[in-house]
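Letter by letter, the chains look like this.
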Amino acid sequence: STSATTTTTTTTTTTTTTTMYSSYGNQTPGSSWGNARRLGTASTARNISTAAGGRLMTASFGATPLNQNLALQISEGDYTTVIYGMIKEARYKEVRPILENQLILFPDSRAAISLLAYVCYMSEDFIESAKWYERLTELCPQEAKYRYYHAQALHKAALYQDAIVLLQNLEANIDLYHQDDDSTLDMDIRKLQASAYYDAEEYTKAKALCDKCLPEDPDNIILQGCLLYQQGLFDDARKMFKEARVILGDHATIIYNIALAYFKLKRYPKCHKFIQDIIKKGIREHPELSVGGQSEGYQVRSVGNSKILKDTALIEAFNLKYAIEYVTGHVDDARAALQDMPPRNEDQLDAVTLHNQALLQMDDNANKGFKKLKHLIQNPPFPQETFANLLILYCKHNYYSLAADVLAENGHLAFRYLTQDLYDFLEALIESQTSPEEAYRKFDILATKHIDGLRQITKQIGDARNSGSNHDVVEKYLKEYDEALSHYIPVLMAMGRIYWDIGNYPEVEEILMQSREFCSDNDIWQLNMAHVSFMQETEPKFLAAIQLYQAIVEKQKPVYLDIPAMVLANLCVSYIMTNANDQAEELMKQIERDEEELARQDPSKISLHLCIVNLVIGTLYCSKGTIGHSEFGIGRVIKSLEPYDKKIMADTWFYAKRCFLSLIETLSKHMITIKDATTNDILKFLDAAILYGREIETVADFVSHNASGGDFASMYESGFNPNLEQDKIPKEKRTVTYEARLLKRMFLQVCS
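Residues numbered from 1 in each chain as written. Predicted model: local features only at pLDDT ≥ 70, side-chain atom pairs only at ≥ 80, totals over all residues. Heavy atoms only, no water.

Some thoughts on the packing of aromatic side chains
Working step 1: Following the criterion strictly, the structure yields 20 aromatic pairs and no others.
Working step 2: Residues W500 and Y505 carry aromatic rings whose centres are separated by 5.1 Å and whose planes lie at 75° to one another, so their mutual orientation is edge-to-face. Neither W500 nor Y505 differs from the other in exposure class; each is buried.
Working step 3: Members of the aromatic cluster, each reached through a chain of ring pairs, are Y644, W653, F660 and F685.
Working step 4: Just above the ring of F274 sits the side chain of K273; from NZ or CZ to the centre is 5.1 Å. (Phe/Tyr/Trp six-rings, centres within 6.5 Å; stacked < 30°, edge-to-face > 60°. Buried < 20%, exposed > 50% of the residue type's maximum accessible area, 1.4 Å probe, protein only. Lys NZ or Arg CZ within 6 Å of the ring centre and 35° of its normal.)

Topic: the packing of helix α7 (residues 185-199) against helix α8 (residues 203-210)
Working step 1: At a closest axis distance of 7 Å, the pairing of α7 and α8 adopts a crossing angle of 160°. Judged by the angle between their axes, α7 and α8 are roughly antiparallel. Once α7 is placed against α8, the crossing between them reads as left-handed. Contact residues: α7 offers R190, Q193, A194, Y197 and Y198, while α8 offers Y203, K205, A206, L209 and C210. (Axes fitted to C-alpha atoms, helices over the stretch in contact; angles between N-to-C directions. Helix = DSSP H or I, 4+ residues; strand = E, 2+ residues; numbered from the N terminus. Parallel < 35°, antiparallel > 145°, perpendicular 65-115°, else oblique. Left-handed = near helix turned anticlockwise from the far one by under 90°. Contact = heavy atoms within 4.5 Å.)

Description of the confidence of the model for the protein
Working step 1: For the protein, the mean per-residue pLDDT works out to 83, and 84% of the residues sit at or above 70.
Working step 2: The low-confidence segment residues 1-47, where pLDDT is below 50, has 302 contacts with residues more than four positions distant or belonging to other chains.
Working step 3: For residues 59-75, every residue scores under 50 in pLDDT, and the model assigns this stretch 47 contacts once sequence neighbours within four places are set aside. (pLDDT = per-residue confidence, 0-100.)

Quick word on the nonpolar core
Working step 1: Counting residues in each nonpolar core, the largest one holds 189 residues, and the members touching the most others are Y322, F387, L418, F443, Y549, I682 and F685.
Working step 2: Ranked by residues supplied to this core, first place goes to helix α23 (residues 471-500) with 14 residues.
Working step 3: Those residues in contact with F387 that sit more than four places away from it in its chain are I377, V406, L407, N410, L413, A414, Y417 and L418.
Working step 4: Core analysis: the next-biggest nonpolar cluster, separate from the first, contains 39 residues, I87, V95, A153 and I174 among them. (Core = buried A, V, L, I, M, F, W, Y, C linked by side-chain atoms within 4.5 Å.)

Description of the pattern of salt bridges
Working step 1: All told, the structure shown has 43 salt bridges when counted by the stated rule.
Working step 2: Notably, a salt bridge pairs R135 with D108, separated by 2.3 Å at the nearest N-O pair. Of this pair, R135 sits in helix α4 (residues 126-139) while D108 sits in the loop between α2 (92-105) and α3 (110-122); the two residues are 27 residues apart in sequence, bridging distant segments of the chain.
Working step 3: Two residues, K191 and D188, come together in a salt bridge whose shortest N-O distance is 3.8 Å. Placement of the pair is K191 and D188 together in helix α7, with a separation of 3 residues, close to one helical turn. The same class applies to K191 as to D188, namely buried.
Working step 4: Residues participating in the shared-partner salt-bridge network are D188, K191, D217 and D219. (Salt bridge = Lys/Arg side-chain N within 4 Å of Asp/Glu carboxyl O.)

Some details on a positive patch on the surface
Working step 1: Together, K242, R267, K270 and K479 line one region of the surface with positive charge.
Working step 2: Relative to the elements of secondary structure, K270 occurs in helix α12 (residues 268-285).
Working step 3: Owing to a relative accessible area of 37%, K270 belongs among the partly exposed residues under this scheme. (Patch = residues over 30% accessible without salt bridge, like charges linked within 9 Å, V, L, I, M, F, W, Y side chains within 5 Å. Areas by Shrake-Rupley, 256 points an atom, 1.4 Å probe, with all protein chains shown as cover. Lys, Arg positive; Asp, Glu negative; His and termini not counted. Charge placed at Lys NZ, Arg CZ, Asp CG, Glu CD.)

Looking at helix α16 (residues 351-361)
Working step 1: Along α16, 9 of the 11 residues are buried, which leaves the element largely enclosed by surrounding structure.
Working step 2: For α16, the full list of buried residues reads V352, T353, L354, H355, N356, A358, L359, L360 and Q361.
Working step 3: Two to three positions downstream of the cap, the backbone nitrogen of V352 sits 3.2 Å from a side-chain oxygen, assigning the N-cap of α16 to D350. (Polar contact = N/O pair within 3.5 Å; in protein donor to acceptor, adjacent residues only side chain to side chain.)

Observations regarding unusual backbone geometry
Working step 1: Residues P380 and P381 are joined by a peptide bond in cis, for which omega reads 5°.
Working step 2: Note on placement: P381 falls in the loop between α17 (366-378) and α18 (386-396).
Working step 3: With omega at -5°, the peptide bond leading from E642 into P643 counts as cis.
Working step 4: By the secondary structure assignment, P643 is in the loop between α31 (627-640) and α32 (644-647).
Working step 5: You will see that E124, though not glycine, has its phi angle at about 70°, which is positive.
Working step 6: Summarising the element assignment, E124 is placed in the loop between α3 and α4.
Working step 7: In this model, A158 sits at a positive phi of 70°, which is unusual for a non-glycine residue.
Working step 8: With respect to the helices, strands and loops of the structure, A158 is situated in the loop between α5 (144-156) and α6 (160-172).

Thoughts on the environment of L568
Working step 1: Within the secondary structure, L568 sits in helix α28 (residues 565-577).
Working step 2: A relative accessible area of 0% places L568 in the buried class.
Working step 3: For the pair L568 and A584, spaced 16 residues apart in sequence, the C-alpha to C-alpha distance is 9.4 Å.
Working step 4: If near-sequence neighbours (up to four positions away) are discounted, L568 is found in contact with V553, Y560, I563, L587, I591, H609 and V613.

In structure tokens form, the structure reads like this:
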């Protein structure tokens with residue numbers, strides 16, 4: 001049978017943080033409908049978000065709680081010099097056991113406890129730091145600064161409510177504690193409390209405290225910018241960060257915040273410029289952080305999570321760079337951005353980096369990707385997009401029951417992290433598997449709501465143009481329209497998929513055509529219209545599909561390998577079905593030339609575009625079941641997998657073996673005969689599969705994508721889902737080698 005799929009959208013958002021930095025990003029476009037027995041991409045739902053960098057960087061509020069009065073002599077005269085010298089050189093790991101040993105000898109030493117608390121803080125071990133500062137408050141109950149440092153450590157450990165309670169008590173009883181004459185502790189308490197409220201997502205309380213702080217205080221300016229960012233006022237936030245930069249200078253954390261604001265404004269070139277400034281500054285000032293070391297192909301020792309690394313904002317910058325590349329569809333560049341980060345062990349990774357790694361792994365090892373996302377959900381705090389992405393990706397990979405379980409078990413997270421529209425969409429999407437009629441009704445309600453919004457924005461655009469409004473106003477409405485359309489497209493595609501899954505392609509076409517006035521220029525809509533026309537398998541519809549596919553190809557010329565492989569495959573089939581074989585042959589030659597050029601430029605990269613095209617054409621001819629067609633088709637399938645050591649993989653084998661099984665079935669019924677040369681070619685191919693397929697498992701859990709943009713869906717034969725059956729198959733029987741031997745035995749039996 002021929003092949004096609006339709007495609008919905010995926011977009012991107014960013015998160016923010018509180019401690020002077022921020023981050024987030026998202027997933028490439030191109031989720032799509034799938035169809036059993038057909039090559040294509042898997043079905044997907046809605047907006048995937050990636051983590052750009054982390055969180056907006058609010059002020060650090062005096063983040064060095066070292067007591068300046070601790071120059072106390074320790075009995076062995078050199079201890080003070082040695083310990084303070086090591087701290088000055090940031091050798092925290094080395095000095096920590098020395099201080100712990102001193103506490104064994106002198107359990108109530110104020111100097112040792114204070115230094116140890118500071119060292120733990122600077123080593124990012126905030127829980128331990130908070131413990132020692134709490135001990136200091138017991139030893140020195142009248143010292144206000146120790147209580148402040150205790151709250152600060154709790155805040156850094158993400159124990160926001162504990163920090164808030166401590167700060168409230170400290171503020172209420174501040175007159176009872178000892179303070180230095182020049183202390184600004186009152187204002188520091190207020191700022192830290194505002195930051196804790198911000199991190200706890202209690203923005204109203206954070207804003208109230210900010211308003212009580214000095215308006216010219218740079219810490220307050222930064223936090224005000226973060227609050228504006230949370231309200232979606234990204235340009236106003238950018239201006240606040242720029243004002244703080246004038247006061248404080250080129251701090252990496254402030255530059256990062258400006259870059260993040262540009263990211264949210266979708267001004268990616270500007271954002272990229274600031275990111276490069278951060279990276280260049282980090283490399284120049286701290287070569288010991290080994291930026292780019294992992295991309296050289298050798299193992300690099302972890303640099304850990306030091307304060308130096310934190311202050312450079314390199315992790316946040318690389319995550320934001322990843323987000324830009326991911327949003328714009330440059331997945332390889334996004335992967336490179338994560339690899340160029342200063343090296344850290346997996347247990348040292350921050351939540352944003354872990355989230356972004358998980359999104360990248362969904363293509364080639366979704367098991368690991370899902371594990372990371374679930375780990376984040378179970379270990380807050382996590383990027384706010386994590387919960388929505390986990391649900392969307394479960395649906396994308398046809399794990400609707402798991403999505404339903406997660407949604408039911410985490411109602412508090414759904415209320416906190418899902419908009420009402422997204423919740424309704426996911427609920428309908430999950431329900432479409434068990435009650436498609438009810439799901440369609442819910443999708444229709446959502447679609448009506450989105451269409452009303454689109455019409456309203458369209459009117460605003462027209463009114464702005466007619467009234468002679470300036471360009472910025474019109475541009476603002478156009479961005480709102482694009483945003484609204486990006487939310488409507490997944491709903492429209494989900495409605496169409498309900499009929500797509502039952503093979504009612506004319507009804508799918510009618511659903512898409514009803515939204516033509518809004519979506520006719522949208523790439524996803526055009527691609528799905530092409531797929532729907534293709535699947536109706538009549539000459540007029542093939543001609544319509546050719547027109548739509550050619551428009552997609554023209555946009556990407558001359559780089560054919562940037563075009564989805566299924567578009568090229570379906571275009572070739574459409575040419576063949578309309579007797580335009582010359583055009584199909586020319587297109588395949590062009591793909592072959594591009595793959596040869598890619599191999600010359602980078603021998604390590606493998607493109608599967610031509611492989612997919614040949615597999616689709618081979619499947620088409622094999623399905624005809626006649627002597628000439630079957631031989632030509634099986635030859636195409638064999639050719640598609642050359643060289644065998646590189647192109648025989650779980651996905652390609654899944655489709656290739658069906659053609660061989662179909663041929664064996666036809667031969668066993670004595671409906672056709674094949675030439676001896678064809679028989680020899682088949683046996684040689686199966687021998688090669690036996691040789692190279694020993695380590696290749698035939699049961700693939702998830703969709704896999706090759707590096708150059710080709711893709712396969714784990715489409716299931718009707719009535720058989722390998723994800724449910726795989727545990728029943730012994731591991732030694734799940735390899736290409738085992739299945740190739742079975743095919744060879746069956747083939748020899750029917751040919752004897």
